[in-house]
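Listed below, chain by chain, are the residues.
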Amino acid sequence: MNDTSPLVQIRDLSVTYKTRLGDTSAVDKVSFDIRHGEILGLVGESGCGKSTLGKALLRMIMPPGRISAGQILFNGEDILTFDDKRLRDYRGRQASMIFQDPMTSLNPVQTVEQHLVEAIQVHEAQTQTPDATGRIKTLLERLGIMQSRLASYPHQLSGGMRQRVMIGLGLVLNAGLIIADEATTSLDVIVEAKLVDQLREIRDEFGVSILAITHNIALVAEMADRVAVMYAGNLVELGEVSRIFDRPLHPYTQGLLASVPTTEINERKELYKMPGEPPNLARPPSGCRFHPRCPAAMSICSRHRPGLNEAAPGHWVHCWLYQDHPEKEEKTLKVAA
Ligand code: SF4
């Protein structure tokens, strides 16, 4: 079973980009934990800030962006205070990231073996190549990659195998956190299903925590233990996967789930289409950022931002419907009905 203590604690994290229209808050005061050994799915529409948040966890936000406020504690240490040397050590030894297209991260003129040996020796200069190669062989076996693939170049591998090499680059140094940013999106459904199974096996075997960033909420149901839902730079809901899928509370989560195709669809039940468009984050709506699209919006929603409230044990929601306030009205949510 998972250790439920947090490996990562994100506190009031904000990431701001300078644009022609002024400062744009791509991530706005987001707080949540990633527990030891869990798979946490981070979902939301394109542009909701989920990938920006993933990059912030490795301090990979490039100008004109910056982490403008908050803390990211990794095993209790604030990574925002790390100097360059400590940061290099953190990236790789403690946390690593895999992207949608591993070809952009792998060096096309290096073999699998060269990639992995280099990853070890950059962080452990004293490790001799034969020792590093020995470690790699054991790891590749556990990842289901044949040793004959050590001499292969990235273009000679399948998409799924390239992703497994990327995962290996994190695991070879015993990283505690893997951030998978749309890592299965470019794969066909069969390879995707295999990689999802493998990510769960890797979590079980290595005890690693995985932050799975995806726009595909159905995928999260298959692979994650908990799910965090983001909308327009805000965290709107967080909880166990079974709980969120059975009883979504936030109107945005309800809309997302109601828009997922299921095998039960017939002519009389059409997929829900969320009204409106995501907001321009340079000029976000006042109060709750979802209020212009929300079928349950109340007058308070456009004026005051709700706090994050624990509506049930471990189930957090960012919505006035679940908090007391002077103007509370009775609302029946019919979005997902
Ligand atoms: Fe809708 Fe108001 Fe809840 Fe925002 S706070 S999701 S506008 S009901």
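Scoring rules and cut-offs
Residues numbered from 1 in each chain as written. Predicted model: local features only at pLDDT ≥ 70, side-chain atom pairs only at ≥ 80, totals over all residues. Heavy atoms only, no water. Helix = DSSP H or I, 4+ residues; strand = E, 2+ residues; numbered from the N terminus. Buried < 20%, exposed > 50% of the residue type's maximum accessible area, 1.4 Å probe, protein only. Contact = heavy atoms within 4.5 Å. Areas by Shrake-Rupley, 256 points an atom, 1.4 Å probe, with all protein chains shown as cover. Lys, Arg positive; Asp, Glu negative; His and termini not counted. Charge placed at Lys NZ, Arg CZ, Asp CG, Glu CD. Near = heavy atom within 4 Å. Nonpolar A, V, L, I, M, F, W, Y, C, P; charged D, E, K, R; others polar. Pairing = 2+ DSSP bridges. Axes fitted to C-alpha atoms, helices over the stretch in contact; angles between N-to-C directions. Expected span 1.5 Å × (residues − 1). pLDDT = per-residue confidence, 0-100. Core = buried A, V, L, I, M, F, W, Y, C linked by side-chain atoms within 4.5 Å. Domains from an automatic or database assignment. Buried area = accessible area lost by both parts, 1.4 Å probe. Salt bridge = Lys/Arg side-chain N within 4 Å of Asp/Glu carboxyl O. Polar contact = N/O pair within 3.5 Å; in protein donor to acceptor, adjacent residues only side chain to side chain.

(A) Structural context of the overall build of the chain. Along the backbone of the chain there are 9 helices and 12 strands. Counting every position in the chain, which comprises 337 residues, the buried fraction comes to 50%. Counting only contacts in the chain whose residues sit at least 6 apart along the sequence, the fraction spanning at least 24 positions is 64%. Accessible surface, the chain as shown: approximately 16100 Å² in total, 50% of it carbon and sulfur. Mean positive and mean negative side-chain charge positions of the chain (37 and 40 charges, respectively) differ by 4 Å.

(B) Representation of the site of the ligand within the structure. The environment of the ligand is made up of 13 residues, and the closest members are Cys288, Cys294, Cys301, Cys319 and Trp320. When its residues are assigned to classes, the shell around the ligand shows 11 nonpolar, 2 polar and no charged.

(C) Local environment of the sheet that holds strand β8 (residues 209-214). Here 8 strands make up an open sheet; going across it, the order is β6-β7-β8-β3-β9-β10-β12-β11 and the pairing mixed. Looking along the sheet, the strands with just one partner apiece sit at the ends: β6 (95-98) and β11 (309-312). Averaged over all pairs of adjacent strands, the angle between strand axes in this sheet comes to 20 degrees, irrespective of strand direction.

(D) Local environment of helix α5 (residues 159-171). Here α5 is 13 residues long and its end C-alpha atoms lie 19 Å apart, about the 18 Å a rise of 1.5 Å per residue gives. Judged by how many residues are buried, α5 sits mostly within the fold: 12 of 13 residues are covered. Taken together, the buried positions of α5 are Gly160, Met161, Arg162, Gln163, Arg164, Val165, Met166, Ile167, Gly168, Leu169, Gly170 and Leu171. Residues of α5 that are buried make contact with α2 (84-93), β6, α3 (112-123), α4 (129-142), β7 (177-181) and α6 (189-206).

(E) A look at the confidence of the model for the chain. Across the chain, the average pLDDT comes to 89, with 93% of residues at 70 or higher. Scored below 50 in pLDDT, residues 332-337 shows 13 contacts in the model against residues more than four places distant or in partner chains.

(F) Fine view of the sheet that holds strand β1 (residues 6-19). Taken together, the 4 strands give an open sheet; going across it, the order is β2-β1-β4-β5, and neighbouring strands pair in antiparallel fashion. For this open sheet the edge positions go to β2 (22-35) and β5 (77-78), each flanked by a neighbour on one side alone. Inspection of the sheet shows strand β4 (residues 65-74) paired to β5 by 2 bridges, in the antiparallel sense. Across the sheet, Leu73 pairs through a bridge with Asp78, a residue of β5.

(G) Main features of the environment of Ala311. Take Ala311: it is sitting in strand β11. Taking the relative accessible area as the measure of exposure, Ala311 reaches 38% and is therefore partly exposed. If we ignore the near neighbours within four places in the chain, the residues touching Ala311 are Leu249 and Val317.

(H) Main features of the side chain of Ser209. By secondary structure assignment, the location of Ser209 is in strand β8. In this structure, Ser209 is in contact with Leu7, Ile34, Arg35, His36, Gly37, Glu38, Gly176, Leu177 and Ile178, ignoring residues within four places of it in sequence.

(I) Structural view of unusual backbone geometry. Omega for the peptide link from Pro63 to Pro64 comes to 10 degrees, which places this bond in the cis form. Residue Asn75 is not a glycine yet carries a positive backbone phi of 50 degrees. Tracing the chain through its elements places Asn75 in the loop between β4 and β5. The class for Asn75 is partly exposed, based on a relative accessible area of 47%.

(J) Main features of the nonpolar core. Residues Ile136, Ile167, Leu171, Val172, Met223 and Tyr252 are the most contacted members of the largest nonpolar core, which totals 64 residues. No other element matches α5, which puts 6 residues into this core. Here this core gathers at least three residues from each of two domains, domain 1 (6-94 + 175-322) and domain 2 (109-174). When residues no more than four places from it in sequence are discounted, the contact partners of Met223 are Ile39, Val196, Leu199, Arg200 and Ala212. Ranked by size, the runner-up nonpolar core spans 33 residues in total, among them Leu7, Cys48, Ala95 and Ala228.

(K) The domain arrangement of the chain, seen in detail. Under the domain assignment, the chain is made up of domain 1 (6-94 + 175-322) and domain 2 (109-174). Here the C-alpha centre of domain 2 lies 30 Å away from the C-alpha centre of domain 1. The largest contributions to the domain 1 side of the interface with domain 2 come from Arg93, Ala175 and Phe206, which together make up 36% of the buried area. Our count for the domain 1 to domain 2 interface comes out at 2 salt bridges. As a salt-bridge pair, Arg142 and Glu205 come within 2.5 Å of each other at their nearest N and O atoms. Counting across the domain 1 and domain 2 interface gives 8 residue pairs in polar contact (both at pLDDT 80 or more). Of all the elements in the fold, those that place two or more residues in the side of domain 1 that touches domain 2 are α2 and α6. Looking at side-chain class alone, the side of domain 1 that touches domain 2 contains 10 nonpolar, 3 polar and 5 charged residues.

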